[in-house]
Amino acid sequence: MTAELSDVPVRELLRIGVGQPVDLAAIDPRSTPGLPGLPVTGPDRKAWARDEVRRLGAGLARQQEMLFAQAVKAPASARRVLLVLQAMDCGGKGGAVKRVAGAMNPLGLHIRAFGAPTAEELDHHFLWRVRRALPAPGYVGVFDRSHYEDVLVVRVDSLVPEDVWRPRYDEINEFEAGLVDDGFVLIKVFLHISYEEQRVRLMSRLTDPTKHWKYHPSDVAARAQWPEYQAAYAEALRRCASDAAPWHVLPADRKWYRDWALAHLLREHFADLELTYPPADFDLRREQARLLSDTSGKRKMNGS
Ligand code: AMP
Ligand code: MG
């Protein structure tokens, strides 16, 4: 089955223009940018995308291994990747981590979820806990929520006064520019779901006993502030989209598209790094000869 995919990289289709106004209502959460002419529909389309994600996952695992290998051999020059996932409740951050990041080797992943700050975290600057959670060189970091909560929930729930949260856009920009200077590849993604889809997903958390643990009564209170959250997201995306650290809005009502698009985003960013396996830093022939001729271990085992 061949699909007529768009030639335009997914990241360009999803990227927020720097300095442009952001109108989330104009982006359809059920849309599937990059998949204009799939020759299949309905369940077949889903199966096709799932197969693609498996195929792309194998490539991501290889890229991540090369990133890791380069850090083993040349820590000083090693790069690192940080995927920042933001979404409303039920936006699918967990599913995206499981399906897409889950394709990579857990040893090279650094995954961190940000909940309400602890008492200790509240005693510090809002970026303190974020700096401590950054991936080391060679690692792929994933943030399930992030420093953006400090201009989202904090703003919507007035957890601090406006004169405290408003300067944070500039602080975030400065912080992220510093990360990019340090060799981070930042991939910021807003998983965009619709109000209606959130209701369906929240309901399934209430009806399926295996999902009760994911539900919190405050989720309905946050839902009641949907327009305030959308406005806060729009401003965060607009104020904190730069060329070095752009924002992407990923339509996420369709889980299979979400995973497909995220896998492509990661693949495209890895491609920029032009990773290769580091060459041997020892004499290969000599080591092969040593291994073939070495019999001392055997002699010891035989007690001679
Ligand atoms: P979940 O991602 O569903 O586990 O929920 C984590 C919760 O932590 C969400 O309700 C977030 O809004 C909340 N949260 C994350 N960061 C902050 C923050 N900086 N201040 C207050 N609440 C936060
Ligand atoms: Mg939740």
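Above this text you will find the structure in question.
A.B. asks: Just to check I follow, could you spell out the packing of aromatic side chains for this structure?
C.D. replies: Aromatic ring pairs: the centre-centre distance and the angle between the two ring planes describe each pair. Here the structure, examined in full by the defined rule, presents seven aromatic pairs. Note on Y257 and W260: the rings are 5.8 Å apart at their centroids and 35° apart in plane angle, and the pair reads as tilted. Here W260 and Y257 lie together in helix 12 (residues 255-273), a separation of three residues that amounts to about one turn. We note R168 situated over the ring of F126; from NZ or CZ to the ring centre the distance is 4.6 Å. One cation-aromatic arrangement involves R223 over Y195; the distance from NZ or CZ to the ring centre is 3.8 Å.

A.B. asks: Teacher, can you tell me more about a positive patch on the surface here?
C.D. replies: A cluster of basic residues, K46, K98, K214 and K255, forms a positive patch on the protein surface. Locating K214 in the fold gives a position in the loop between helix 9 (195-207) and helix 10 (218-224).

A.B. asks: Would you take a moment to explain the site of ligand 1 for this structure?
C.D. replies: Close to ligand 1 lie 13 residues; G115, A116, R129, R145 and E149 are nearest. Interatomic distance of 3.2 Å between a backbone N/O atom of G115 and a nitrogen atom of ligand 1. Between an oxygen atom of ligand 1 and a main-chain N or O atom of A116, the distance comes to 3.1 Å. Calculation on ligand 1 without its partners gives an accessible area of 500 Å², and the protein chains cover 68% of this total. Residues of the shell around ligand 1, tallied by class, amount to six nonpolar, one polar and six charged.

A.B. asks: Just checking my understanding: could you explain the environment of A177 for this structure?
C.D. replies: By secondary structure assignment, the location of A177 is in helix 8 (residues 168-181). Spatially, the C-alpha atoms of A177 and W48 are 38 Å apart, while their sequence positions differ by 129 residues.

A.B. asks: Explanation requested: the side chain of H192 in the structure shown.
C.D. replies: Along the polypeptide, H192 turns up in strand 4 (residues 184-192). Classification of H192 as buried rests on a relative accessible area of 3%. At a separation of 2.8 Å, a polar atom in the side chain of H192 contacts the main-chain carbonyl oxygen of I27. Excluding residues that lie within four positions of it along the chain, H192 makes contacts with L24, I27, P29, Q230, V249, L250, P251, A252 and D253.

A.B. asks: I keep staring at the packing of helix 8 against helix 11 (residues 226-239) and nothing clicks. Help me out?
C.D. replies: When two helices pack together, their arrangement is given by the angle between the helix axes and by the axis-to-axis distance. Following both chains from N to C, one finds helix 8 and helix 11 inclined at 45°, their axes separated by 10 Å at the closest point. Considering their axes alone, helix 8 and helix 11 lie oblique with respect to each other. Of the two elements, helix 8 crosses helix 11, and the hand of that crossing is right-handed. Residue-level contacts link Y169, D170 and N173 of helix 8 to E235, A236 and R239 of helix 11. Broken down by class, the residue content of the contact of helix 8 with helix 11 amounts to two nonpolar, one polar and three charged.

A.B. asks: Sorry, what's going on with the pairing of strand 4 here?
C.D. replies: Along any regular strand, the residues point their side chains to alternate faces of the sheet. Most of strand 4 is tucked away, with nine of its nine residues classed as buried. Residues F184, L186, K188, F190 and H192 point to one face of strand 4 and V185, I187, V189 and L191 to the other, with burial holding for every one of them. As judged from the eight bridges shared by strand 1 (residues 80-87) and strand 4, these two strands associate in the parallel manner. Looking at strand 4, one finds that R80 is bridged to F184. Examined bridge by bridge, strand 4 and strand 5 (residues 247-251) share five bridges and lie parallel to one another. If you follow V189 over to strand 5, its bridge partner there is H248.

A.B. asks: What's the story with the pattern of salt bridges in this structure? I'm lost.
C.D. replies: Pairing is possible between side chains of opposite charge, provided their charged atoms come close. Under the criterion given, the structure shown has 24 salt bridges. As a salt-bridge pair, E287 and R286 come within 3.6 Å of each other at their nearest N and O atoms. Three or more residues are tied together by salt bridges with common partners; here these are R155, E162, R166, D170, E235, R238 and R239.

A.B. asks: Just checking my understanding: could you explain helix 11 for this structure?
C.D. replies: An α-helix turns once every 3.6 residues. As a result, residues three or four positions apart point the same way. With 14 residues, helix 11 extends 20 Å from end C-alpha to end C-alpha; this agrees with the ideal 20 Å at 1.5 Å per step. Every buried residue belonging to helix 11 is among W226, Y229, Q230, A232, Y233, A234, E235, A236 and L237, and all of these are buried.

Thresholds, definitions, all that
Residues numbered from 1 in each chain as written. Chains lettered and ligands numbered in written order. Predicted model: local features only at pLDDT ≥ 70, side-chain atom pairs only at ≥ 80, totals over all residues. Heavy atoms only, no water. Phe/Tyr/Trp six-rings, centres within 6.5 Å; stacked < 30°, edge-to-face > 60°. Helix = DSSP H or I, 4+ residues; strand = E, 2+ residues; numbered from the N terminus. Lys NZ or Arg CZ within 6 Å of the ring centre and 35° of its normal. Patch = residues over 30% accessible without salt bridge, like charges linked within 9 Å, V, L, I, M, F, W, Y side chains within 5 Å. Areas by Shrake-Rupley, 256 points an atom, 1.4 Å probe, with all protein chains shown as cover. Salt bridge = Lys/Arg side-chain N within 4 Å of Asp/Glu carboxyl O. Lys, Arg positive; Asp, Glu negative; His and termini not counted. Charge placed at Lys NZ, Arg CZ, Asp CG, Glu CD. Near = heavy atom within 4 Å. Polar contact = N/O pair within 3.5 Å; in protein donor to acceptor, adjacent residues only side chain to side chain. Nonpolar A, V, L, I, M, F, W, Y, C, P; charged D, E, K, R; others polar. Buried < 20%, exposed > 50% of the residue type's maximum accessible area, 1.4 Å probe, protein only. Contact = heavy atoms within 4.5 Å. Axes fitted to C-alpha atoms, helices over the stretch in contact; angles between N-to-C directions. Parallel < 35°, antiparallel > 145°, perpendicular 65-115°, else oblique. Left-handed = near helix turned anticlockwise from the far one by under 90°. Pairing = 2+ DSSP bridges. Expected span 1.5 Å × (residues − 1).

By themselves, these figures tell us nothing about what the structure is for.
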